[in-house]
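One letter stands for each residue in the lines below.
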Protein chains: 4
Amino acid sequence: MIELSNELLHTSIRKRPDESHKGTFGRVVLIGGNETYGGAIIMSAEAAVNAGAGLVTVITAEKNHAPLHARIPEVMVIDWTRPQEVRSVLKDADVLLIGPGLGLGAHSRSLLQQVIESQQANQWLVIDGSAITLFAQHHYELAFPSQVVFTPHQMEWQRLSGLTIPEQTQQNNQRLQKKWGTNLVLKSHRTTIFTANKQFINPLGNPAMATGGMGDTLAGMITAFLAQFEEKEAALCAAVYLHSLIGDALGKERYVVLPTEISQKIPYYMKQFEQ
Amino acid sequence: MIELSNELLHTSIRKRPDESHKGTFGRVVLIGGNETYGGAIIMSAEAAVNAGAGLVTVITAEKNHAPLHARIPEVMVIDWTRPQEVRSVLKDADVLLIGPGLGLGAHSRSLLQQVIESQQANQWLVIDGSAITLFAQHHYELAFPSQVVFTPHQMEWQRLSGLTIPEQTQQNNQRLQKKWGTNLVLKSHRTTIFTANKQFINPLGNPAMATGGMGDTLAGMITAFLAQFEEKEAALCAAVYLHSLIGDALGKERYVVLPTEISQKIPYYMKQFEQ
Amino acid sequence: MIELSNELLHTSIRKRPDESHKGTFGRVVLIGGNETYGGAIIMSAEAAVNAGAGLVTVITAEKNHAPLHARIPEVMVIDWTRPQEVRSVLKDADVLLIGPGLGLGAHSRSLLQQVIESQQANQWLVIDGSAITLFAQHHYELAFPSQVVFTPHQMEWQRLSGLTIPEQTQQNNQRLQKKWGTNLVLKSHRTTIFTANKQFINPLGNPAMATGGMGDTLAGMITAFLAQFEEKEAALCAAVYLHSLIGDALGKERYVVLPTEISQKIPYYMKQFEQ
Amino acid sequence: MIELSNELLHTSIRKRPDESHKGTFGRVVLIGGNETYGGAIIMSAEAAVNAGAGLVTVITAEKNHAPLHARIPEVMVIDWTRPQEVRSVLKDADVLLIGPGLGLGAHSRSLLQQVIESQQANQWLVIDGSAITLFAQHHYELAFPSQVVFTPHQMEWQRLSGLTIPEQTQQNNQRLQKKWGTNLVLKSHRTTIFTANKQFINPLGNPAMATGGMGDTLAGMITAFLAQFEEKEAALCAAVYLHSLIGDALGKERYVVLPTEISQKIPYYMKQFEQ
């Protein structure tokens with residue numbers, strides 16, 4: 001396993017070209033946030049905007065629009081019950097994230113199916129949270145997409161892989177990665193990343209980060225990094241590593257680190273590592 | 001009476017174990033916030049999240065969901081008129097708080113009854129604000145729960161105990177504590193705590209804290225501490241003491257201390273005392 | 001005319017008594033905020049809470065509840081179309097403010113009438129903004145209340161007094177003050193205050209404060225000061241003076257000073273002057 | 001081409017007169033924000049208030065009112081489906097901005113038409129975002145207003161002018177400026193400004209500013225500057241230049257600069273340059 005390090009951030013986070021515009025840094029679409037878990041997609045959106053995605057659109061239950069705009073007017077919102085608008089936004093995306101606060105209802109499942117089935121050759125998908133559980137429940141009906149990142153924690157990985165936590169060994173994980181052709185971010189005390197040819201381990205992170213919403217923030221960061229940086233493997237690893245790096249810095253002074261605090265720090269940390 | 005002190009914080013606030021996840025730090029459910037008093041449950045939720053509860057769900061009137069998420073997307077929300085979802089969330093809780101901004105209506109009363117009747121052997125209850133008044137009104141119908149903390153101010157304690165304020169002596173209070181088997185936080189200029197075998201007095205607190213919402217914040221802190229720390233008596237005392245310690249620090253520079261400012265400081269103060 | 005000065009703040013802003021609770025610092029009710037001007041009553045509420053009112057309830061259009069709670073959960077809210085709840089809250093108030101963002105509609109007028117007609121011997125009223133215009137329009141039907149403060153700017157004072165701006169001389173103003181038995185805060189470049197026996201002039205204030213909402217913030221401060229401090233004339237003068245003192249401090253670094261920024265500073269400035 | 005410079009800020013940003021009130025600094029009306037793009041008009045409003053407009057009213061879809069007030073209670077709001085209120089507000093404006101988040105629907109188009117047709121001799125218009133695209137689509141039906149600023153980015157300018165991006169030369173742009181009698185702010189890596197007799201180039205700006213909402217913030221600043229400062233050409237140039245100056249300052253520490261962060265800094269920067 002390759003241990004993630006600061007080096008990686010320097011190689012991933014490129015100095016922005018002078019002649020650029022918001023479209024240069026990607027159109028990102030985030031899908032999630034039902035009637036109960038709206039906060040999750042809000043946190044993903046805050047992370048994505050602060051991590052530099054050029055244009056961020058959120059597809060979510062209508063009741064989440066007002067709090068989302070109260071926190072972060074930089075995003076656009078689509079009511080997830082409007083099929084025509086959803087379709088149009090999905091088509092124009094560079095990277096899609098589905099899952100934070102999505103829930104397990106029938107409508108959520110059909111959105112997941114639509115995202116997977118409408119994926120275009122140039123689009124990357126990030127599948128997180130409830131979308132992983134939904135995917136696991138409908139294994140036989142949903143084909144594994146290509147250009148995809150799954151970001152399960154251990155229980156979600158058990159549901160998807162069928163491996164109990166003790167069985168989640170490096171070998172077993174890598175075998176499923178190969179079989180399914182997916183990139184995996186396996187979140188735990190020491191998060192591991194499995195890509196086509198490599199395995200990475202994140203040496204950072206701390207228990208002050210063990211609080212609701214931390215994964216939603218990470219998912220938003222991953223999405224924004226995939227949208228901006230050419231080298232997708234490096235981008236993925238950099239997002240995971242930077243999320244923990246900031247969490248460790250904040251954790252030195254705080255007993256618990258709020259996910260939204262991490263998002264606020266992202267632009268400053270990215271600046272330090274740009275090259 | 002034992003005087004609370006910094007010592008107590010050191011023994012209560014444990015360094016978090018490296019291998020942990022959000023579930024390690026407790027599932028907390030907060031119930032309150034009617035059409036008028038929605039701010040109260042928002043303040044409790046902010047306190048609970050900042051005091052380190054791993055997962056926080058708020059059961060409240062639907063109109064409070066948007067402002068709650070605008071302030072603190074880290075929480076999950078349940079519309080309190082949906083019995084099935086309420087039931088499911090109550091079942092999974094480690095610690096439940098009922099009362100901040102709950103009001104005295106029929107629906108509020110039935111939620112209180114449901115919380116008490118569905119309490120499980122492993123669950124702790126915190127009963128605050130309107131829920132104390134409701135409990136007092138329905139004394140004969142509601143059995144005193146075990147593993148419970150009541151947090152009345154003097155008038156609420158009069159309603160519950162039948163003791164007028166001059167009658168609220170240490171002896172009388174302790175007698176009722178024993179009779180009912182409840183833990184009591186009697187809030188006043190110098191808050192006292194009565195548990196099964198001990199009596200504590202809080203030497204801290206100041207009049208800049210005498211503002212609406214301060215009790216809601218305390219209730220959220222107590223709930224989060226009970227969810228995280230093994231020693232319940234010490235956890236309860238630590239929450240009361242820390243709340244005042246922060247209030248005293250802020251009160252040195254402010255004529256009035258807002259409850260939401262206390263919440264923002266909790267993570268920093270807990271860090272200083274962790275051991 | 002007596003020039004307001006720092007001295008006044010020292011004599012008005014009393015050190016809070018150790019044995020006190022939120023009720024000690026007054027129950028304040030703020031009425032205003034229609035469908036268009038909801039921001040006004042939000043700003044008054046932020047000022048009142050930060051200026052130390054013990055309990056703040058806002059009676060306003062339902063659409064303003066969510067943004068109000070998103071900014072300041074410390075307040076309670078009543079939908080202004082619910083007569084029974086409105087009546088109950090008015091009855092328990094120590095000081096009432098009516099006017100910020102109230103508008104000139106029939107419902108607003110009937111609320112003003114209700115506030116004036118239901119005034120109790122112990123209650124103080126502050127009449128601001130649209131409520132002044134409404135009062136002027138219905139002069140013959142509404143009796144001047146006692147224990148009242150009117151806070152007009154020059155055009156509002158013209159409507160109420162019938163005096164054109166050039167006619168608004170010290171003598172004419174004082175004459176109407178005497179005739180009507182009201183306290184007047186005449187807002188302008190150099191605000192003047194007329195009470196039963198005295199006239200005051202505010203030497204502070206600056207053009208960076210000439211922005212929408214500044215008067216709503218002042219009205220909230222006046223209300224909170226009347227609720228807390230025994231000497232009403234001094235309290236009124238202190239609120240006017242402190243509002244400008246903070247505005248001048250902020251205006252040294254800002255081309256425009258936002259009303260909400262003033263509110264955030266109030267607790268710190270009150271602390272400096274408490275005695 | 002004249003290069004914009006600090007000098008310009010000193011000559012534009014006038015020290016405010018001591019005897020002034022909120023009306024002195026202009027009544028500004030902002031129109032935009034449909035069901036999806038509500039954040040855009042929120043960002044324009046934040047910019048306009050912070051840039052010193054005396055009174056700011058926003059005409060927008062009703063669903064945007066709550067998040068707008070949660071962020072910036074200093075503004076007033078009108079539901080854009082209420083023709084009578086819209087008409088009344090348009091009539092009283094000094095400067096109108098239409099476009100941020102307006103969308104391309106039939107209702108948006110009719111609002112644009114109304115704004116243009118009801119323009120009064122003393123009013124300035126700023127036409128931005130979707131309103132430029134709408135104007136381009138209905139070229140033959142809508143006469144070019146006078147006292148107008150168009151603020152297109154390159155693609156919007158192509159739609160309006162018919163010039164492809166390579167054809168957008170200084171000569172061609174100036175020719176259309178003269179033909180139509182409009183002021184143009186052509187946004188790009190190095191924004192250019194075309195007025196009746198002069199051409200300006202902005203030497204500032206950086207790729208950290210290439211994020212959604214940056215143009216909405218600029219439009220709000222331009223609107224506020226036109227409302228406050230007599231010399232309209234200089235005001236326009238100053239707004240463009242200051243927007244980038246702040247963006248450059250923030251971009252030194254941040255990999256991405258959020259539009260709302262720029263707004264928060266405006267009062268401090270204007271103060272430094274006032275003369």
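Residues numbered from 1 in each chain as written. Chains lettered and ligands numbered in written order. Predicted model: local features only at pLDDT ≥ 70, side-chain atom pairs only at ≥ 80, totals over all residues. Heavy atoms only, no water.

If you look chain A up in an unreviewed UniProt entry, it shows as ADP-dependent (S)-NAD(P)H-hydrate dehydratase from Enterococcus termitis. In its Subunit (unreviewed entry) section, UniProt records this for chain A: "Homotetramer." Its UniProt record, at the heading Cofactor (unreviewed entry), says of chain A: "Mg(2+)". (UniProt positions renumbered as here; feature names shortened; annotations may be inferred.)

K.L.:
Give a description of the overall build of chain A that names residues and reports values.
P.N.:
Scanning chain A from terminus to terminus reveals eleven helices and ten strands. By principal-axis analysis of the C-alpha atoms, chain A measures approximately 45 × 45 × 40 Å. For chain A, buried positions account for 65% of its 275 residues. Sequence-distant contacts in chain A: of pairs separated by 6 or more residues, those separated by 24 or more amount to 68%. Put simply, chain A shows about 9,800 Å² of open surface, and 48% of that area lies on carbon and sulfur atoms. Averaging the coordinates of the 23 positive side-chain charges in chain A and doing the same for the 25 negative ones gives two points 1 Å apart. (Helix = DSSP H or I, 4+ residues; strand = E, 2+ residues; numbered from the N terminus. Buried < 20%, exposed > 50% of the residue type's maximum accessible area, 1.4 Å probe, protein only. Contact = heavy atoms within 4.5 Å. Areas by Shrake-Rupley, 256 points an atom, 1.4 Å probe, with all protein chains shown as cover. Lys, Arg positive; Asp, Glu negative; His and termini not counted. Charge placed at Lys NZ, Arg CZ, Asp CG, Glu CD.)

K.L.:
Go over the relation of the copies chain A and chain B with me, naming the residues and quoting the values.
P.N.:
The transformation that overlays chain A on chain B combines an axial shift of 0.0 Å with a rotation of 90 degrees, and the residual RMSD is 0.0 Å. When the rotation and shift are considered jointly, the pair of chain copies conforms to a four-fold rotation axis. When each C-alpha of chain A is compared by its distance to the rotation axis, Ala70 of chain A comes out closest, at 4.2 Å. (Least-squares fit on C-alpha atoms with pLDDT ≥ 70 in both.)

K.L.:
Got a sec to walk through the pairing of strand 6 (residues 124-127) of chain C? Specific residues and values, please.
P.N.:
All names here are of chain C. Here strand 6 shows no split at all, with Trp124 and Val126 on one side and Leu125 and Ile127 on the other all buried. Sheet analysis places strand 5 (residues 95-98) next to strand 6, joined by four bridges and oriented parallel. Residue Leu97 lies in a different strand from strand 6, and its bridge partner there is Val126. Chirality of the crossover, the property in question, places the unit of strand 5, helix 5 (residues 106-117) and strand 6 among those that are right-handed. Pairing between strand 6 and strand 7 (residues 148-150): three bridges, direction parallel. Within strand 7, the residue paired with Ile127 across the bridge is Phe150. (Pairing = 2+ DSSP bridges. Right-handed = clockwise from strand over helix to strand, strands pointing away.)

K.L.:
Describe the side chain of Arg254 of chain B, and please don't skip the residues or the numbers.
P.N.:
As for its placement among the helices and strands, Arg254 of chain B is situated in the loop between helix 10 (232-251) and helix 11 (259-273). Side-chain polar atoms of Arg254 of chain B contact the side chain of Glu261 of chain B, separated by 2.9 Å. Dropping the residues within four chain positions of it, Arg254 of chain B is found in contact with Ala208 and Glu261 of chain B together with Pro267, Tyr268 and Lys271 of chain C. (Polar contact = N/O pair within 3.5 Å; in protein donor to acceptor, adjacent residues only side chain to side chain.)

K.L.:
I'd like a rundown of the pairing of strand 3 (residues 55-60) of chain D, residues and numbers included.
P.N.:
Residues and elements named next belong to chain D. Burial analysis of strand 3 places six of its six residues in the buried class, which makes it a mostly covered element. Side chains Leu55, Thr57 and Ile59 project from strand 3 onto one buried face, and the interleaved Val56, Val58 and Thr60 project onto a second face that is buried too. Inspection of the sheet shows strand 2 (residues 27-31) paired to strand 3 by five bridges, in the parallel sense. The residue bridging Leu30 from the neighbouring strand is Val58, located in strand 3. Taken together, strand 2, helix 2 (residues 38-50) and strand 3 form a β-α-β motif whose crossover is right-handed. Relative to strand 4 (residues 76-79), strand 3 runs parallel, the two sharing four bridges. When the sheet's bridge partners are listed, Thr57 is paired in strand 4 with Met76. Following the backbone out of strand 3, through helix 3 (residues 65-71) and into the adjacent parallel strand 4, one traces a crossover that is right-handed.

K.L.:
Outline the UniProt feature "binding site: AMP" (unreviewed entry) in chain A, supporting the account with residue identities and numerical values.
P.N.:
Residues given the UniProt feature "binding site: AMP" (unreviewed entry) here are Lys187, Ser188, His189, Arg190, Thr191 and Gly215 of chain A. The annotated residues occupy 29 residues of the chain but converge on a single region, no pair of C-alpha atoms lying more than 13.7 Å apart. Assessed through its relative accessible area of 33%, Ser188 of chain A is described here as partly exposed. Structurally, His189 of chain A can be placed in the loop between strand 8 (183-186) and strand 9 (192-194). With relative accessibility at 27%, the residue His189 of chain A sits in the partly exposed group. Residues contacting His189 of chain A, with those up to four places away along its chain left out, are Leu204 of chain A together with Asp18 and Glu19 of chain B. A polar contact is formed between the side chain of His189 of chain A and the backbone oxygen of Asp18 of chain B, at a distance of 3.2 Å.

K.L.:
I'd like a rundown of the interface of chain A and chain B, residues and numbers included.
P.N.:
Opposite the 30 residues of chain A that make contact, chain B presents 36 residues. Taken together, the two surfaces of chain A and chain B that pack against each other cover about 2,600 Å², and 59% of this comes from carbon and sulfur. Viewed at the interface, chain B and chain A are joined by one salt bridge. The shortest N-O distance in the salt bridge between Glu62 of chain B and Lys63 of chain A comes to 3.7 Å. Listing elements by their share of the side of chain A that touches chain B, those giving two or more residues are helix 2 (38-50), helix 3 (65-71) and helix 11 (259-273) of chain A. Per element, the largest residue contribution to the side of chain A that touches chain B is six residues, and it comes from helix 2 of chain A. A class-by-class count of the residues in the side of chain A that touches chain B yields 13 nonpolar, nine polar and eight charged. (Buried area = accessible area lost by both parts, 1.4 Å probe. Salt bridge = Lys/Arg side-chain N within 4 Å of Asp/Glu carboxyl O. Nonpolar A, V, L, I, M, F, W, Y, C, P; charged D, E, K, R; others polar.)

K.L.:
Mind laying out the packing of aromatic side chains, listing which residues take part and the relevant values?
P.N.:
Counted under the stated rule, the structure contains 28 aromatic pairs over all chains. Their ring planes at 55 degrees and their centres at 5.7 Å tell us that Phe144 of chain A and Phe150 of chain A sit as a pair that is tilted. Of the residues examined, Phe144 of chain A reaches a relative accessible area of 22% and is grouped as partly exposed. The exposure class of Phe150 of chain A is buried, given its relative accessible area of 0%. Summarising the aromatic geometry, the rings of Phe135 of chain B and Phe150 of chain B are spaced 5.2 Å apart at their centres and angled 75 degrees between planes, so their arrangement reads as edge-to-face. Of this pair, Phe135 of chain B sits in helix 6 (residues 130-137) while Phe150 of chain B sits in strand 7 (residues 148-150); the two residues are 15 residues apart in sequence, bridging distant segments of the chain. Each member of the pair, Phe135 of chain B together with Phe150 of chain B, is buried. Through a chain of ring-to-ring contacts, three or more aromatic side chains come together here, namely Phe135, Phe144, Phe150, Trp157 and Trp180 of chain A. Just above the ring of Phe25 of chain A sits the side chain of Arg16 of chain A; from NZ or CZ to the centre is 3.6 Å. (Phe/Tyr/Trp six-rings, centres within 6.5 Å; stacked < 30°, edge-to-face > 60°. Lys NZ or Arg CZ within 6 Å of the ring centre and 35° of its normal.)

K.L.:
Break down the pattern of salt bridges for me, citing the residues and quoting the values.
P.N.:
Side-chain pairing between opposite charges can occur once the charged atoms of the two side chains come close. Residue and element names in this part refer to chain D. In this structure the tally under the stated criterion is 29 salt bridges over all chains. Two residues, Glu85 and Arg82, come together in a salt bridge whose shortest N-O distance is 3.3 Å. Looking at Glu85, the relative accessible area reads 28%, which means it is partly exposed.

K.L.:
Before we move on, could you go through the relation of the copies chain C and chain D and cite the residues and values that matter?
P.N.:
For the match of chain C to chain D, the screw axis carries a shift of 0.0 Å, the RMSD comes to 0.0 Å, and the turn is 90 degrees. Take the interface residues of chain C: only 7% of them recur as interface residues in chain D, which is what a contact between different surfaces looks like.

K.L.:
An account of the confidence of the model for chain A is requested, with residue identities and associated values reported.
P.N.:
A low pLDDT score tells you not to read the predicted coordinates there in detail. Averaged over all residues, the pLDDT of chain A is 96; the fraction at 70 or higher stands at 100%. Taken together, the chains of this predicted complex give a pTM of 0.97 and an interface ipTM of 0.96. (pLDDT = per-residue confidence, 0-100.)

K.L.:
Please give an account of the sheet that holds strand 6 of chain C that cites residues and values.
P.N.:
All names here are of chain C. An order of 1-10-9-8-7-6-5-2-3-4 is seen for the ten strands of this open sheet, with the pairing classed as mixed. Two strands bound the open sheet, and with one partner strand each, they are strand 1 (2-3) and strand 4 (76-79). The pairing of strand 1 with strand 10 (residues 199-201) spans two bridges and is parallel. Looking at the pairing, Ile2 lines up with Phe200 of strand 10. The sheet contacts of helix 9 (residues 214-228) involve strand 2 (27-31), strand 5, strand 6, strand 7 and strand 8 (183-186), and relative to strand 5 the element is tilted by about 170 degrees. (Axes fitted to C-alpha atoms, helices over the stretch in contact; angles between N-to-C directions.)

K.L.:
Quick one: what's the story with the arrangement of the chains, residue by residue and with numbers?
P.N.:
For chain A and chain C, which are not in contact, the least C-alpha distance works out to 8 Å. With no contact formed, the shortest span from any C-alpha in chain B to any C-alpha in chain D equals 8 Å.

K.L.:
Account for the packing of helix 2 (residues 38-50) of chain C against helix 9 of chain C, with residues named and values stated.
P.N.:
Residue and element names in this part refer to chain C. Where helix 2 contacts helix 9, the axes come no closer than 7 Å and their chain directions differ by 40 degrees. The angle between helix 2 and helix 9 places the two elements in the oblique class. When you trace helix 2 past helix 9, the crossing you get is right-handed. Facing Ala40, Met43, Ser44, Ala47 and Ala48 of helix 2, the residues of helix 9 in contact are Asp216, Thr217, Gly220, Met221 and Ala224. Partitioning the contact of helix 2 with helix 9 into residue classes produces six nonpolar, three polar and one charged. (Parallel < 35°, antiparallel > 145°, perpendicular 65-115°, else oblique. Left-handed = near helix turned anticlockwise from the far one by under 90°.)

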